[in-house]
Amino acid sequence: TEGVYPPLFKIMAVTKVDIASRALIMMGAQPISSFSDDSTEALVVNNIYEEIVESSLTRHRWRFATGQKQLSLLADAPVGRYTYAYQMPTNPLVLKISAITVNDYSIPYDRYEDKIYVNDYGSQSTVIMDYIFRQDESQFPPYFRLALEFQLASVFAGSIARDSGMIREFGDRAERQYLIAKNTDSQETTTNKLDTHRYLNLRQSTRSAV
């Protein structure tokens, strides 16, 4: 069609293999084509990668890995000390709870297994969970990816190269990049203004049983 031109190149989504391979190359090892390759690098990556990623995602309230869902009230009440039980989301995987709110006001809660226990907030309340979840690698922004790659390179340096100097070097790089990443990520929101109406709404909300 006139005036329509094909793209010069197609941007490919970053995968976990890409991230792991970059970290391996950083510390002088061979890249992998999959986590199941028949190589020492793949064996190390397959056993370490996921734990490092999940740990990195819980270091900060990363905007790109923050989710929000309304919780479902369960029919069965807790055995003791709490009045109501709510089911946590099963998809995506929740790594860390940031807040439990009603009418945008944080409320006291406790976590038991995959449930949230509260008092006073029953069927007439809308309970919202903010959480950090296991985001897909294709959604990792560059500033976080680089920090993660440095951290992986530090871990791989211990498992593959067994080089203490390299471990420290990449570990220090990772920490510096995480600071940059946190600062960058924290700018991706507007400054919140205090909403005095939410406190009144919370006090007026009905707190009834199921």
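Residues numbered from 1 in each chain as written. Predicted model: local features only at pLDDT ≥ 70, side-chain atom pairs only at ≥ 80, totals over all residues. Heavy atoms only, no water.

**Q** How would you summarise the overall build of the chain if you had to cite specific residues and measurements?
**A** Scanning the chain for helices and strands turns up five helices and eight strands. Buried positions account for 39% of the 210 residues belonging to the chain. As displayed, the chain has an accessible area near 12,800 Å², and 48% of this comes from carbon and sulfur atoms. (Helix = DSSP H or I, 4+ residues; strand = E, 2+ residues; numbered from the N terminus. Buried < 20%, exposed > 50% of the residue type's maximum accessible area, 1.4 Å probe, protein only. Areas by Shrake-Rupley, 256 points an atom, 1.4 Å probe, with all protein chains shown as cover.)

**Q** Tell me about the pattern of salt bridges, and please be specific about residues and values.
**A** Within this structure, the stated rule accounts for seven salt bridges. With a closest N to O distance of 2.8 Å, R59 and E175 form a salt bridge. Remark: E175 occurs in helix α4 (residues 164-186) and R59 occurs in the loop between α2 (40-57) and β1 (66-70); sequence separation between them is 116 residues. We classify E175 as partly exposed; its relative accessible area is 40%. A salt bridge links E169 to R173, with the shortest nitrogen-to-oxygen separation between them at 2.7 Å. (Salt bridge = Lys/Arg side-chain N within 4 Å of Asp/Glu carboxyl O.)

**Q** Give a description of the packing of aromatic side chains that names residues and reports values.
**A** Throughout the structure, instances matching the rule amount to 13 aromatic pairs. Measuring from centroid to centroid gives 6.2 Å for Y131 and F133, while their planes differ by 65 degrees, and the two rings are edge-to-face. No difference in accessibility class separates Y131 from F133, as the two residues are buried. One aromatic cluster in this structure is built from W62, F64, F140, F144 and Y178. Its end group placed over the ring of F35, K16 keeps NZ or CZ at 4.7 Å from the ring centre. For R59, the ring lying beneath its charged end belongs to Y178, and the centroid distance is 4.0 Å. (Phe/Tyr/Trp six-rings, centres within 6.5 Å; stacked < 30°, edge-to-face > 60°. Lys NZ or Arg CZ within 6 Å of the ring centre and 35° of its normal.)

**Q** Any details on the sheet that holds strand β8 (residues 127-133)? Residues and values, ideally.
**A** Strand order in the open sheet made by the four strands is β1-β8-β4-β5, with antiparallel pairing throughout. Of all strands in the sheet, those with a lone pairing partner are β1 and β5 (105-106), marking the two edges. Examined bridge by bridge, strand β4 (residues 94-102) and β5 share two bridges and lie antiparallel to one another. Note that in β5 the partner of T101 across the bridge is S106. (Pairing = 2+ DSSP bridges.)

**Q** Explain the sheet that holds strand β2 (residues 72-73) residue by residue, including any values.
**A** Spatial strand order, β2-β3-β7-β6: four strands in an open sheet with antiparallel pairing. The open sheet terminates on both sides in strands that have one partner only, identified here as β2 and β6 (110-112). Looking at chain direction, β6 and strand β7 (residues 115-118) are connected through three bridges and run antiparallel. Bridge assignment links R111 to a residue of β7, and that residue is I116.

**Q** Let's hear about the nonpolar core: which residues, and what values?
**A** Counting residues in each nonpolar core, the largest one holds 37 residues, and the members touching the most others are L57, W62, F144 and L148. Examining the composition of this core, we find that nine residues originate from one element, helix α3 (residues 142-161), more than from any other. Beyond its immediate sequence surroundings of up to four residues, F144 is in contact with S56, L57, W62, F64, Y178 and A181. Residues L71, V94, I116 and Y121 belong to the second largest nonpolar core, which totals 16 residues. (Core = buried A, V, L, I, M, F, W, Y, C linked by side-chain atoms within 4.5 Å. Contact = heavy atoms within 4.5 Å.)

**Q** Summarise unusual backbone geometry; cite the residues concerned and give the values.
**A** Here the residue pair N91 and P92 is connected by a cis peptide bond, since its omega of 5 degrees sits within 30 degrees of zero. With respect to the helices and strands, the residue P92 is situated in the loop between β3 (84-87) and β4. For E113, which is not glycine, the phi dihedral falls at a positive 55 degrees.

**Q** Can you explain the pairing of β3? Please cite residues and give values.
**A** Of the strand pairs in this sheet, β2 and β3 are connected by two bridges, and their pairing is antiparallel. Paired with L73 across the bridge in β3 is Y86.

**Q** So what's going on with α3? Which residues, and what values?
**A** At V155, α3 is bent by approximately 25 degrees, the largest bend along its length. Positioned one or two residues after α3, R162 has a phi angle of 50 degrees, which is positive. (Bend = angle between axes of the 7 residues up to and from the residue.)

**Q** Could you give an account of the environment of I180, naming the residues involved and the relevant values?
**A** Here I180 lies in helix α4. Relative accessible area serves as the criterion here: at 45%, I180 is assigned to the partly exposed category. The spatial distance from the C-alpha of I180 to the C-alpha of F144 is 8.8 Å, given a sequence separation of 36 residues.

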